[in-house]
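# Summary of structural features
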Amino acid sequence: MPDPFCISARYINASIMIYQQLKAKLHNLVPDFELRIKAKLAEQIIRLKKKKNAVILGHNYMEPALFHSVPDFTGDSLFLSHKAAETDKDMIVFCGVRFMAETAKILNPNKTVLLPSQKAGCSLAASITAEDVRELKRRYPGVPVVSYINTYADVKAESDSCCTSSNAAAVVNSFKTDTVIFVPDEYLARNVAKETGKTIIFPTLPRPGIAEDKNLDYQLIGWHGRCEVHEQFTVGDIEAVRKQFPDVVVLAHPECSPEVVEAADFSGSTAAMIKYVEDVAAPRYLLLTECAMGDNIAAVNPHREMVRLCGVRCPHMNQITLADTLKALQLDQYVIEVPREIQQRAVGALERMLWTS
Ligand code: SF4
């Protein structure tokens, strides 16, 4: 019988090692006592993860101590979807939001997929329903539907392809039709329209006070969904930061308004932003996206200086904590289910997204 003292000493040593690894990366960002507490949680998560033959996927917006300790893979939606599609583990724990966990389930209908919080939704995903898409298809028969990955499974099931911010323009261009329906993010749609040289209309009225677009010359049909985080960044924010730090390089996520993207120096997905900071030397950077990502980049690029606008946080991504991730593995919660009929109709749209770059 194994000596319980030896076992607990092994766990303590593992937790000390995790603490030291976290401290090396996060000593300038997270107080020491918190790192010790989080290292203990991370040690238990990693132990249970192995026992349950689980893989943990962590989105770039996760808080720094979680991001740098328990995930087997970290990245943007596209990268994590690839990892979900490739995994041979029995269980996937998604440290992200619900639509991401659903995506993993659609790609792995026979595996158990867990989301550590039931509150991790998304304002974009909630902005459109499957019936809305069916109505658009009735109105524009034969026009292919591209839905952003930030949608729920039943909307994906009504789509011809999904896309992420990394490959939105490529997916739109992959359809050789005169017109494409692109839902639900209004700003991403406007930015894609600009990038691809297409004219866009917004024919439906999901929000009071938004007038119907009567333009008859269009190639993209959009929807008025918004990310509650990225819609808050303004050109005024950029001007104010530039006034204080004239040498700042501004990176904007394409879920920001076209005006903000225009005023920035670079626009790209979270993965593209990380690559930019690593590849392009600048005195300092301003990232217009969820604030945690600036911390996660700074942790592994201590020579890069970040200017933070942390008044704007994603209330959904912030639901995912180390404590909830541990509970998810202990109690097998919260299990993501996608009805078989929806899964079978949605998987084709996701596969087209995965193989378009
Ligand atoms: S940052 Fe925006 S798009 Fe991403 S999960 Fe939060 S609300 Fe949704």
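One structure accompanies this document, and this report is about it. Every value quoted in this text rests on a predicted model; they were computed, and no experiment measured them.

## Overview of the sheet that holds strand S8 (residues 200-201)
Pairing within the open sheet is parallel, and its five strands lie in the order S6-S5-S7-S9-S8. Looking at strand neighbours, the two that pair on one side only are strand S6 (161-163) and S8, the edges of this open sheet. As judged from the three bridges shared by strand S5 (residues 145-148) and strand S7 (residues 180-183), these two strands associate in the parallel manner. When the bridges of S7 are listed, Val146 appears paired with Phe182.

## Things to note about the site of the ligand
The local shell around the ligand consists of Tyr61, Cys122, Ser123, Leu124, Asn150, Cys227, Val229, Glu255, Cys314, His316 and Met317. When atoms are counted within 2 Å of each cavity's grid points, the one that captures over half of the ligand is the largest cavity. The residue makeup of the shell around the ligand, split by class, is seven nonpolar, three polar and one charged.

## Observations regarding the packing of aromatic side chains
All chains considered together, the criterion is met by three aromatic pairs. Pairing Tyr140 with Tyr218 gives two aromatic rings, centres 6.2 Å apart and planes at 80 degrees, and the pair type is edge-to-face. Taken together, the positions of Tyr140 in the loop between helix H6 (130-139) and S5 and Tyr218 in the loop between S8 and strand S9 (220-221) put the pair 78 residues apart, joining distant regions of the chain. Looking at Tyr140, the relative accessible area reads 13%, which means it is buried. Note that Arg36 overlies the ring of Tyr19, its terminal NZ or CZ placed 4.3 Å from the centroid. Residue placement shows Arg352 over the ring face of Phe175; its charged tip is 3.8 Å from the ring centre.

## Observations concerning the pattern of salt bridges
The full count for this structure, using the stated rule, is 25 salt bridges. Lys49 is paired through a salt bridge with Asp72; the nearest N and O atoms lie 3.1 Å apart. One end of the pair, Lys49, is in helix H2 (residues 32-51); the other, Asp72, is in the loop between helix H3 (64-67) and strand S2 (73-75), with 23 residues separating them in the sequence. Between Glu186 and Arg226 there is a salt bridge, with its nearest N and O atoms 3.2 Å apart. Separated by 40 residues along the polypeptide, Glu186 in helix H9 (residues 186-196) and Arg226 in the loop between S9 and helix H10 (235-244) bring together distant segments of the chain. For the pair shown, Glu186 and Arg226 are each scored as buried. Look at the salt bridges and you will find they share partners, linking Glu131, Arg134, Glu135, Lys137, Arg138, Glu158, Glu341 and Arg345 into a network.

## Observations concerning the sheet that holds strand S10 (residues 248-252)
Strand order in the open sheet formed by four strands is S11-S10-S12-S13, with parallel pairing between adjacent strands. This sheet does not close on itself; its edge strands, each paired only once, are strand S11 (266-267) and strand S13 (306-307). Across the sheet, H10 touches S10, strand S12 (284-288) and S13, and the angle it forms with S10 is around 160 degrees.

## Side note on the side chain of Asn150
The residue Asn150 is located in the loop between S5 and helix H7 (153-157) in this model. Given a relative accessible area of 8%, Asn150 falls into the buried group.

## A few points about the packing of helix H4 (residues 77-86) against helix H5 (residues 98-107)
The interhelical angle for the contact between H4 and H5, taken along N-to-C directions, is 35 degrees, at an axis separation of 9 Å. Our pair here, H4 against H5, has a crossing hand that is right-handed. Here Ser77, Ser81, Ala84 and Ala85 of H4 lie close against H5, whose contacting residues are Phe99, Met100, Thr103, Ala104 and Leu107. When the residues that make up the contact of H4 with H5 are grouped by side-chain class, the tally is six nonpolar, three polar and no charged.

Thresholds applied
Residues numbered from 1 in each chain as written. Predicted model: local features only at pLDDT ≥ 70, side-chain atom pairs only at ≥ 80, totals over all residues. Heavy atoms only, no water. Pairing = 2+ DSSP bridges. Helix = DSSP H or I, 4+ residues; strand = E, 2+ residues; numbered from the N terminus. Near = heavy atom within 4 Å. 1 Å grid on protein atoms, 1.4 Å probe; cavity = no way out; pocket = protein on both sides within 12 Å on 5 of 7 lines; lining within 4 Å. Sits in = over half its atoms within 2 Å of the grid points. Nonpolar A, V, L, I, M, F, W, Y, C, P; charged D, E, K, R; others polar. Phe/Tyr/Trp six-rings, centres within 6.5 Å; stacked < 30°, edge-to-face > 60°. Buried < 20%, exposed > 50% of the residue type's maximum accessible area, 1.4 Å probe, protein only. Lys NZ or Arg CZ within 6 Å of the ring centre and 35° of its normal. Salt bridge = Lys/Arg side-chain N within 4 Å of Asp/Glu carboxyl O. Contact = heavy atoms within 4.5 Å. Axes fitted to C-alpha atoms, helices over the stretch in contact; angles between N-to-C directions. Left-handed = near helix turned anticlockwise from the far one by under 90°.

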